[in-house]
Structure formats: C-alpha cells, structure tokens
Amino acid sequence: MDQLSFFSAEARHPRVADLAGLLCGPGQAVGFGRGTAARLSVVVADDWRARSLARACADRGVAAELGRSEEGHPLVRTAFRADLTGLAGQWLRGAVKSVPADFAPDGAALRLWALTAGRPVPGGYLLGLDPHAPETYEPLAAALARAGLPARCTGPRAGGPALRVTGRRRIERLAELVGPTPDGAIERTWPLVS
C-alpha cells in the first residue's frame, strides 16, 4: 500500500473533494434543484475550528460564511454551488448521509475531519462522528483502516460517537497525515508526535 502523507497530499492543489473531511464528522450536505447545486454546513465546538474550516474552504475555491447555530455554536456554511454537487452526490443516498464505498481519507480529508471534530483523549485521539448518522460509523472505521489507521468506534460514555485511534505509532501516523497544528488552535487539541 502506498504511504500517504499530509505533505504529499498538500503538494497537489487543494480540491473540493477534500471537503469530504467535514462530512466524516458532523458536517451535512444538502442538494438543491434536482442535483444542480449543493451546500455543505457543519456546526463545530470552537471558533478557531470554524475560522480554520472557512480558510480551508477558501483554499479550495469555495467561499464559506461563519455564523451561529440555533444553540449558539460556531457554524460554517457554503452557498449552494454547482461544484459541490459531485461531493454531495457521493455522500448522500436520497437525503441520508452515506459513506462512499471506495472512500479512503487522504491527509487533506483527515486534516479537515480533525479540524471539524478531532480531539485527543488519554491514550488516543478521537475523530468525531455525526450523531445523527450512525449508519456511517462502520464504513468510516473501514475507510480509516484502508488509510492505515485502524480505529475503534466509541459511544457517548467514552466521548463519542467517535472513532478512537490508539497506539503511539498510529497517533504518529495520524499526526503525519494531518500536518502541523493549525493557526489559532487551542493547545492540545491536535494530534501531536510525542
């Protein structure tokens, strides 16, 4: 299996397809106009995450606005755009979020997933999942395994729903794939090599 790294993934130009990382976590895709446009949105826990995700969208040529959810949490939302229809089509079965069968996250998608819903826990790192889409948990665990990061699904009692990556080598691999800590990140929220 070819080894992916954040640096080799970022050596190419950022792509709209990288935004799948938002959909691995609690992000949502919504189609409009019989598949002529789609929008992505995600509610995150911290303002720095929202700002970083908006910059990541802009790097991919997709403008995103910052706002607040009804509960007051930071929200990142794109406009309805034609160039998001392919990504939305891959991740939706009707109106239900579904992981594409061949999905294997590369460094760029993993970075966006960690920005969206990642956090360290004692002995591991959690990649948060969508609590409203439990049918995505096992396919995302399989996708992480294909990317060389076997993970275990955890429930709410263990900080989930999330996929938990454990072990020094796997955490080092994840840190390599997601790259350096983003600007403005709260200390100790990013996977780091110890």
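The structure reproduced in this document is the subject of the present report. Numbering of residues starts from 1 in each chain and follows the order in which that chain's sequence is written. With the structure being a predicted model, the display of local features is reserved for residues of pLDDT at least 70 and the display and counting of side-chain atom pairs for 80 or more, all residues being used for whole-chain, interface and lining totals. With hydrogens and water excluded, all non-hydrogen atoms of the structure serve as input to the side-chain values.

What about the overall build of the protein?
The number of helices and strands found in the protein is seven helices and 10 strands. Our radius of gyration is a C-alpha quantity, and the globule rule it is checked against amounts to 2.2 Å times the number of residues to the power 0.38. Rg of the C-alpha trace for the protein: 15 Å, near the compact-globule value of 16 Å for 194 residues, within the 12% margin. Taking the principal axes of the C-alpha coordinates as reference, the protein spans close to 45 × 40 × 35 Å. Expressed as a percentage of the 194 residues in the protein, the buried residues total 47%. Pairs at least 24 residues apart make up 66% of the contacts formed inside the protein by residues separated by at least 6 positions. Split by element, the accessible area of the protein, about 9,600 Å² in all, is 54% carbon and sulfur. A run of DSSP states H or I qualifies as a helix once it reaches four residues; a run of E qualifies as a strand once it reaches two. Both are numbered from the N-terminal end. Note on exposure labels: buried denotes an accessible area under 20% of the residue type's maximum, exposed denotes more than 50%, and partly exposed covers the range between, all computed with a 1.4 Å probe on protein chains only. Contact between two residues is taken to exist if any of their heavy atoms lie within 4.5 Å; hydrogens are not considered. All accessible-area figures derive from a Shrake-Rupley calculation using a 1.4 Å probe, and residue coverage is judged against the displayed protein chains alone.

Notes on the sheet that holds strand 1 (residues 28-32)
Either a parallel or an antiparallel arrangement is found when strands of a sheet pair, and the pairing is made through backbone hydrogen bonds. When DSSP locates at least two bridges between a pair of strands, those strands are taken to pair. The sheet built from four strands is open, its strands ordered 1-2-4-3 with antiparallel pairing. The outermost strands of the open sheet, each flanked by one partner alone, are strand 1 and strand 3 (64-68). Here the strands of the sheet are splayed against their neighbours by 20° on average, with no regard to which way each runs. By the bridge criterion, five bridges tie strand 1 to strand 2 (residues 37-43) in an arrangement that is antiparallel. In the strand pairing of strand 2, Phe-32 is matched with Ala-37. Against the sheet, helix 3 (residues 47-59) makes contact with strand 2, strand 3 and strand 4 (74-78), and its axis sits at roughly 160° relative to strand 3, the strand it touches most. An axis is simply a line fitted to the C-alpha atoms; with a helix, the fit covers only the stretch in contact. Between two such axes, the angle follows the N-to-C directions and lies from 0 to 180 degrees.

A closer look at the pairing of strand 7 (residues 118-121)
One ladder, built from four bridges, connects strand 7 with strand 8 (residues 124-128); its direction is antiparallel. Looking at the pairing, Pro-120 lines up with Tyr-125 of strand 8. In this structure, the hairpin formed by strand 7 and strand 8 is closed by a connection of two residues, where Gly-123 is found at a positive phi of approximately 80°.

Overview of the pattern of salt bridges
Any carboxyl oxygen of Asp or Glu that lies within 4 Å of a side-chain nitrogen of Lys or Arg is treated as forming a salt bridge with it. Scanning all chains against the criterion turns up 10 salt bridges. Note that Arg-15 and Asp-18 form a salt bridge whose closest N and O atoms lie 3.4 Å from each other. Arg-15 sits in the partly exposed class, given a relative accessible area of 38%. For Asp-83, the salt bridge goes to Arg-81, with nearest N and O atoms at 2.6 Å. Owing to a relative accessible area of 37%, Asp-83 belongs among the partly exposed residues under this scheme. Taken together, the shared-partner salt bridges connect Arg-15, Asp-18, Arg-60 and Asp-106 into one network.

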